[in-house]
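Take a look at the letters that make up each chain.
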Amino acid sequence: MTSYTDDSVTVLGLGPMGRALAGAFLNAGLRTTVWNRTPGRDRELVERGAVSVRSAEEAVAASGLTVVCVVNYDASDAILRRDAVTAALNGRTAVSLTADTPGRARDTERWATGHGIWYLDGAIMTPATTIGTADAVVIYSGPEELYREHRPVLNALGGTHTHLGEEIGRAAAYDIALLDIFWTAMAGYAHALAVAKAEGVTARELAPFAKGIGAILPPIFEEVAEEVDTGSFSGEDNPITSATSSMAHVVHTSEAHGIDAGVMRAAEGMARRVIGLGHGTDGFMRVTEMLGRR
Ligand code: NDP
């Protein structure tokens, strides 16, 4: 297989993120070809100079590098695994910035290799509004040489780009772990605002203090990462028995207001299991080691 680079790029998928990617490529002066399943989403991009084509195969044939950014891999498979598109991709590179699981990335790598397609998987860790700015964060996995080859074009997306390794599932693995943090934190915040409201505290009143809680997390993340990697879960400063007590207060207050406390009940349940297994003097992160046990 041979791959090639030039100053052109194709973007398949023009949701909010796909449009942001195409816009950044245009701003960087790249010849940008766009396609989306539903027509009409490219109007503003075309006004700014994008080339709009009627089929995904035409789009892929227009550039050596195609960036795919749709809702998930079911959608990207529906686009890429049609015979005409697969044939047009032969000898070209597809970079997937579509979020999905490590397993789907591995399956796509097998498919791509079998069809003479160069493939890198990637994930975008910041909102669409960051694309083209210093705040964008994009992670990749797959052949390093291929990453280096296309990096000059991908640089147009701004921010920080990190190649995490040759194993194709690695970017999706990071993505899943980071989304786990994001969505459980958002679920916690949504719940906190509901409980606060029931107690007569507005979201605006709580927000500055919520930011304070957010700010104490980064050093804690670093500290407990060390504990998890070494398997030492010191509870010296805050044993898990004390943590469960504060979790129970959240559950009781929520339920007294008729507010579902499912998320906190789940956290409290994990902590109580750890205590039940005889680790009550350890810190909360001992749950990491217990979670996979049957
Ligand atoms: P969506 O996740 O809603 O994806 C919309 C795109 O998917 C549209 O182009 C849509 O086409 C296409 N699509 C959906 N189903 C199909 C299908 N069956 N066949 C073909 N195309 C399909 O919006 P985003 O653009 O925001 O997200 C794209 C990716 O970027 C996702 O994986 C998302 O997780 C990721 N991402 C997004 C962020 C953001 O801030 N928006 C942040 C970080 C990552 P159509 O218009 O025809 O429906």
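Because the structure is a prediction, the values reported are computed rather than measured.

**Considerations on the packing of helix α4 (residues 73–80) against helix α6 (residues 102–114)**
In step 1: Their axes nearest at 11 Å, the elements α4 and α6 cross at an angle of 15°. By the angle between their axes, α4 is roughly parallel relative to α6. For α4 against α6, the interelement crossing comes out left-handed. Along the contact surface, α4 presents Y73, D74, D77 and L80, while α6 presents R104, A105, T108 and W111.

**Quick word on the pattern of salt bridges**
In step 1: Applying the stated criterion across every chain, the model contains 12 salt bridges.
In step 2: Here R82 ties to E57 by a salt bridge, and the two come within 3.3 Å at their closest N and O atoms. Of this pair, R82 sits in the loop between α4 and α5 (83–89) while E57 sits in helix α3 (residues 56–61), and the two are 25 residues apart along the sequence.
In step 3: Residue classification places E57 among the partly exposed residues on the basis of a relative accessible area of 22%.
In step 4: Among the salt bridges present, the one from D74 reaches R104, with a minimum N-O distance of 2.9 Å. With D74 in helix α4 and R104 in helix α6, this pair connects stretches of sequence that are 30 residues apart.
In step 5: R104 sits in the partly exposed class, given a relative accessible area of 23%.

**What about the site of the ligand?**
In step 1: Near the ligand you find 21 residues, and of these M17, N36, T38, R41 and A99 are the closest.
In step 2: L14 has a polar backbone atom sitting 3.1 Å from an oxygen atom of the ligand.
In step 3: At 3.0 Å from an oxygen atom of the ligand is found a main-chain nitrogen or oxygen belonging to A128.
In step 4: Against a free-state accessible area of 890 Å², the protein chains account for coverage of 72% of the ligand.
In step 5: In a pocket analysis with a 2 Å cut-off to the grid points, the ligand is assigned to the second largest pocket.
In step 6: Among the elements of the structure, α1 (16–27) and α4 are those that each provide at least two residues to the shell around the ligand.
In step 7: No other element matches the three residues that α1 contributes to the shell around the ligand.
In step 8: Partitioning the shell around the ligand into residue classes produces 12 nonpolar, seven polar and two charged.

**Re the nonpolar core**
In step 1: Ranked by size, the top nonpolar core spans 31 residues in total, and within it L21, F25, V67, L97, I131 and L157 carry the most contacts.
In step 2: Those elements giving two or more residues to this core turn out to be β1 (8–12), α1, β4 (65–68), β6 (118–124), β7 (137–141) and α7 (144–154).
In step 3: Looking at this core element by element, the count peaks at seven residues for α1.
In step 4: Excluding residues within four positions of it along the chain, L21 makes contact with V67, C69, L97, I124, I131 and L157.
In step 5: Grouped together as the second largest cluster of nonpolar side chains are 21 residues, V60, A88, L89 and I168 included.

**Remarks on α4**
In step 1: Within the sequence span of α4, burial applies to Y73, S76, D77, I79 and L80. Viewed along the axis of α4, the buried residues span an arc of 165°, placing them on a single side of the element.
In step 2: The opening residue of α4, the one whose side-chain oxygen lies 3.2 Å from the backbone nitrogen of D74, is N72.

What counts and what doesn't
Residues numbered from 1 in each chain as written. Predicted model: local features only at pLDDT ≥ 70, side-chain atom pairs only at ≥ 80, totals over all residues. Heavy atoms only, no water. Axes fitted to C-alpha atoms, helices over the stretch in contact; angles between N-to-C directions. Helix = DSSP H or I, 4+ residues; strand = E, 2+ residues; numbered from the N terminus. Parallel < 35°, antiparallel > 145°, perpendicular 65-115°, else oblique. Left-handed = near helix turned anticlockwise from the far one by under 90°. Contact = heavy atoms within 4.5 Å. Salt bridge = Lys/Arg side-chain N within 4 Å of Asp/Glu carboxyl O. Buried < 20%, exposed > 50% of the residue type's maximum accessible area, 1.4 Å probe, protein only. Near = heavy atom within 4 Å. Polar contact = N/O pair within 3.5 Å; in protein donor to acceptor, adjacent residues only side chain to side chain. Areas by Shrake-Rupley, 256 points an atom, 1.4 Å probe, with all protein chains shown as cover. 1 Å grid on protein atoms, 1.4 Å probe; cavity = no way out; pocket = protein on both sides within 12 Å on 5 of 7 lines; lining within 4 Å. Sits in = over half its atoms within 2 Å of the grid points. Nonpolar A, V, L, I, M, F, W, Y, C, P; charged D, E, K, R; others polar. Core = buried A, V, L, I, M, F, W, Y, C linked by side-chain atoms within 4.5 Å. Arc of directions from axis to C-beta.

So, to be careful, I would describe these as geometric facts and stop short of saying anything about function.
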